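# Structure assessment
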Amino acid sequence: MHSLTITFDPARLDRDRVYGWLSREAYWSIGIGRGVFERAVDHSLIASAFVGDEQVAFARVVTDRATFAWLCDVFVAQPWRGQGMATRLIGAVVAHPELQGLRRWALRTRDAHALYRRFGFTEMVEPQRSMERHNPHVYAVPNDGSAQPRDLP
């Protein structure tokens, strides 16, 4: 097993490397703009996994650190997959001191259900009570973040 270091220090994040993964390899964020990525990272709790000085994995948590956390952008670089990196990274995330006692954690995954079940994640108990506003093509339209909110009826 490789010596893995997991840190929540945003200064250690290899932003260029992680942006490359998320914008070109991660099925959920292909084409994400750099500005959107930067805002997401800046307003989230981030976890980075390193072997030596090389960042090999990443995860992001959107949270109020009191009641709710959304685990997202979990990514392990291709050469490091299948070596337990994701398990160790998620273990560190769910053990983070600022994320204890939360009422609800959420995530979405296409193919990693078995991984997340090890940490207590299950399918939604009452999916009929959940809703979402989804724009699957948002990254296909350039957006520098300057769009202004509009009043709703």
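In what follows, the structure referred to is the one given above.
Notes on the structure in this doc start here. (Residues numbered from 1 in each chain as written. Predicted model: local features only at pLDDT ≥ 70, side-chain atom pairs only at ≥ 80, totals over all residues. Heavy atoms only, no water.)

## Quick notes on the pairing of strand β4 (residues 68-76)
The condition is simple: Exposure is judged per residue with a 1.4 Å probe applied to protein chains only, and the accessible area is read against the type maximum: over 50% gives exposed, under 20% gives buried, and values in between give partly exposed. Starting at the N terminus, helices and strands are each numbered in turn, a helix being any DSSP run of H or I of at least four residues and a strand any DSSP run of E of at least two. Strand pairing requires that DSSP identify at least two bridges connecting the strands.
Of all nine residues in β4, seven are buried, a share of seventy percent or more. Pairing analysis gives six bridges linking strand β3 (residues 54-63) to β4, with the strands arranged antiparallel. Looking across to β4, one finds that alanine 57 is bridged to valine 76. Note that β4 and strand β5 (residues 104-106) share three bridges and pair parallel. Within β5, the position partnered with tryptophan 70 by the bridge is alanine 106.

## Topic: the nonpolar core
Heads up, the condition is: Buried residues of nine kinds, namely Ala, Val, Leu, Ile, Met, Phe, Trp, Tyr and Cys, make up a nonpolar core once their side-chain atoms join them within 4.5 Å. Residue contacts are defined here by distance: any two heavy atoms, one from each residue, within 4.5 Å place the two residues in contact.
Of all hydrophobic cores here, the largest spans 38 residues; its most connected members are Val56, Phe58, Leu71 and Tyr116. For this core, the elements supplying multiple residues, two or more each, are α1 (15-24), α2 (34-42), β2 (45-51), β3, β4, α3 (85-94) and α4 (113-117). The contact partners of valine 56, leaving out residues within four places of it in the chain, are Leu4, Trp21, Ala49, Phe50, Val51, Phe75, Val76, Ala77, Trp80 and Met85.

## Points about the environment of glutamine 78
Inclusion rule: Whenever a nitrogen or oxygen atom comes within 3.5 Å of another N or O atom, the pair is scored as a polar contact, on the condition that within protein one atom can donate a hydrogen and the other can accept it, and that pairs from neighbouring residues in sequence are kept only if both atoms are in side chains.
Topologically, glutamine 78 is positioned in the loop between β4 and α3. For the pair glutamine 78 and methionine 124, spaced 46 residues apart in sequence, the C-alpha separation works out to 30 Å. In this structure the side chain of glutamine 78 is engaged in a polar contact, spanning 2.5 Å, whose partner is the side chain of arginine 81.

## Let's talk about α2
Filter applied, for reference: Relevant arc is that of directions from the helix axis to the C-beta atoms, nothing else.
For α2, the complete set of buried residues consists of Phe37, Glu38, Ala40 and Val41. Along the long axis of α2, the arc covered by the buried residues comes to 165 degrees, so they all point the same way. Buried positions along α2 lie against α1, β2 and β3.

## Re the pattern of salt bridges
Pairs can form between side chains of opposite charge once their charged atoms are near each other. Our working definition: By definition here, a salt bridge exists when the distance from a side-chain nitrogen of Lys or Arg to a carboxyl oxygen of Asp or Glu is within 4 Å.
Applying the stated criterion to the full structure yields 10 salt bridges. Arginine 65 is the partner of glutamate 98 in a salt bridge, and the nearest nitrogen-oxygen pair spans 2.4 Å. Here glutamate 98 is found in the loop between α3 and β5, whereas its partner arginine 65 is found in the loop between β3 and β4, with 33 residues between them in sequence. The exposure class of arginine 65 is partly exposed, given its relative accessible area of 37%. The closest approach of N and O atoms between arginine 108 and glutamate 132, which form a salt bridge, is 3.5 Å. A residue pair is termed long-range when its members are at least 10 positions apart, and arginine 108 in the loop between β5 and α4 and glutamate 132 in the segment after α4 qualify at 24 residues. On the basis of relative accessibility, which here comes to 60%, the residue arginine 108 falls in the exposed class. Each of Arg15, Asp16, Arg34, Glu38 and Asp42 takes part in salt bridges that share partners, so that together they form one network.

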